[in-house]
Amino acid sequence: KNIWKGSKETLSNPIARAYTFAAGLIFGAFVCYLSTAQLLFKDIFQVEALFPLFFAILALFVGVASLVNGRLVMKFGMEQLATRAMQGMVTLSSGFVALLWLSGGEVPLWLFMVFTALIFACIGLLFGNMNALAMQPLGHIAGIASSVIGAVSTFVSMIFGGLIGQAYNGTLYPLFIAFALLALGALLITAPVRSAVSLEQANETK
């Protein structure tokens, strides 16, 4: 009974619901990369033997961003940092798609690595902040809320990540269009509740 009540309260809270689904979209973009990464390096860049190295380099940016996040949150706040990271994902991904189009669909490996590393840094900032923002109004049922938020966001990410992963066509277009659209979707989903989060954080500061 308590689990059902807590689950219902979690999903009926507009702030928690918005950031839960937004987190699912952002993680879905990451799942999309995971499902196609080896094919990208093999088919497009012909560096299959070095795939573990390039994969590790990009993963490092997620980890470093997660570590740096602790200091940035204290300076800018979770909501502003998450918003800027989502905007950064949209801008970087859209910019890369434009470069792909201008170059006939082919770019050098170093350019792919630079843009993907920056996008992954944004994702690293979002992983912790999205969950924390979703949890913020639910401290009194933190255990149940954390489980529900994690389960729902993972379910959403699997749906989008799996579907977009199937769209791989031997080019970089599906991945980076997905990055841009999913980050934009997360921005739009969280837009109605951002002012409410800012007000709540201001009240907590007082």
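Look up: the structure comes first, before these words.
Described below are features of the structure shown in this document. (Residues numbered from 1 in each chain as written. Predicted model: local features only at pLDDT ≥ 70, side-chain atom pairs only at ≥ 80, totals over all residues. Heavy atoms only, no water.)

### Details of the overall build of the protein chain
Argument step 1. Along the protein chain, the regular secondary structure elements total seven helices and zero strands.
Argument step 2. N-terminal to C-terminal, the α/β element order of the protein chain is α-α-α-α-α-α-α.
Argument step 3. Its C-alpha radius of gyration of 18 Å places the protein chain within 12% of the 17 Å reference for a compact globule of 206 residues.
Argument step 4. The C-alpha extent of the protein chain, read off along each of the three principal axes, is 55 × 35 × 30 Å.
Argument step 5. Looking at the 206 residues of the protein chain, the share that counts as buried comes to 50%. (Helix = DSSP H or I, 4+ residues; strand = E, 2+ residues; numbered from the N terminus. Rg over C-alpha atoms; globule rule 2.2 N^0.38 Å. Buried < 20%, exposed > 50% of the residue type's maximum accessible area, 1.4 Å probe, protein only.)

### Side note on a nonpolar patch on the surface
Argument step 1. Residues Leu-50, Leu-53, Ile-57, Leu-60, Phe-61, Val-64 and Val-68 make up a contiguous nonpolar surface patch of about 580 Å² in total accessible area.
Argument step 2. Position of Leu-53 among the secondary structure elements: in helix α3 (residues 51-76). (Patch = residues over 30% accessible without salt bridge, like charges linked within 9 Å, V, L, I, M, F, W, Y side chains within 5 Å. Areas by Shrake-Rupley, 256 points an atom, 1.4 Å probe, with all protein chains shown as cover. Salt bridge = Lys/Arg side-chain N within 4 Å of Asp/Glu carboxyl O.)

### Considerations on unusual backbone geometry
Peptide bonds are, in most cases, trans, and in most cases residues other than glycine have a negative phi.
Argument step 1. A positive phi is found at Gln-46, a non-glycine position, where the angle reads about 50°.
Argument step 2. Residue position: Gln-46 is located in the loop between α2 (14-44) and α3.

### Structural notes on the packing of helix α1 (residues 2-12) against helix α6 (residues 142-165)
Argument step 1. Packing of α1 against α6 leaves a shortest axis separation of 9 Å and a crossing angle of 60°. On the basis of the axis angle, α1 is oblique to α6. Along this stretch, α1 crosses α6, giving a crossing that reads as right-handed. Together, Asn-2, Ile-3, Gly-6, Ser-7, Thr-10 and Leu-11 of α1 and Ile-144, Ala-145, Val-148, Ile-149 and Val-152 of α6 make up the contact between the two elements. (Axes fitted to C-alpha atoms, helices over the stretch in contact; angles between N-to-C directions. Parallel < 35°, antiparallel > 145°, perpendicular 65-115°, else oblique. Left-handed = near helix turned anticlockwise from the far one by under 90°. Contact = heavy atoms within 4.5 Å.)

### Remarks on the side chain of Ser-7
Argument step 1. Position of Ser-7 relative to the elements: it lies in helix α1.
Argument step 2. In this structure Ser-7 comes out as buried when scored by relative accessible area, which is 16%.

### Points about the nonpolar core
Argument step 1. Core analysis: the biggest nonpolar cluster contains 70 residues, and Phe-41 and Met-89 have the highest contact counts within it.
Argument step 2. The element that contributes the greatest number of residues to this core is helix α5 (residues 109-135), accounting for 16 residues.
Argument step 3. Excluding residues that lie within four positions of it along the chain, Phe-41 makes contacts with Tyr-33, Gln-46, Val-47, Glu-48, Phe-51, Phe-54, Leu-58, Leu-109, Phe-112 and Met-113. (Core = buried A, V, L, I, M, F, W, Y, C linked by side-chain atoms within 4.5 Å.)

### Things to note about α2
Argument step 1. The end-to-end C-alpha distance of α2 is 42 Å, a good match for the 45 Å that 31 residues give at a rise of 1.5 Å each.
Argument step 2. Maximum bend of α2: about 55°, positioned at Thr-36.
Argument step 3. Residue Asn-13 occupies the N-cap position of α2, its side-chain oxygen lying 3.0 Å from the main-chain nitrogen of Ile-15.
Argument step 4. In the segment just after α2, Gln-46 is the residue with positive phi, at about 50°. (Expected span 1.5 Å × (residues − 1). Bend = angle between axes of the 7 residues up to and from the residue. Polar contact = N/O pair within 3.5 Å; in protein donor to acceptor, adjacent residues only side chain to side chain.)

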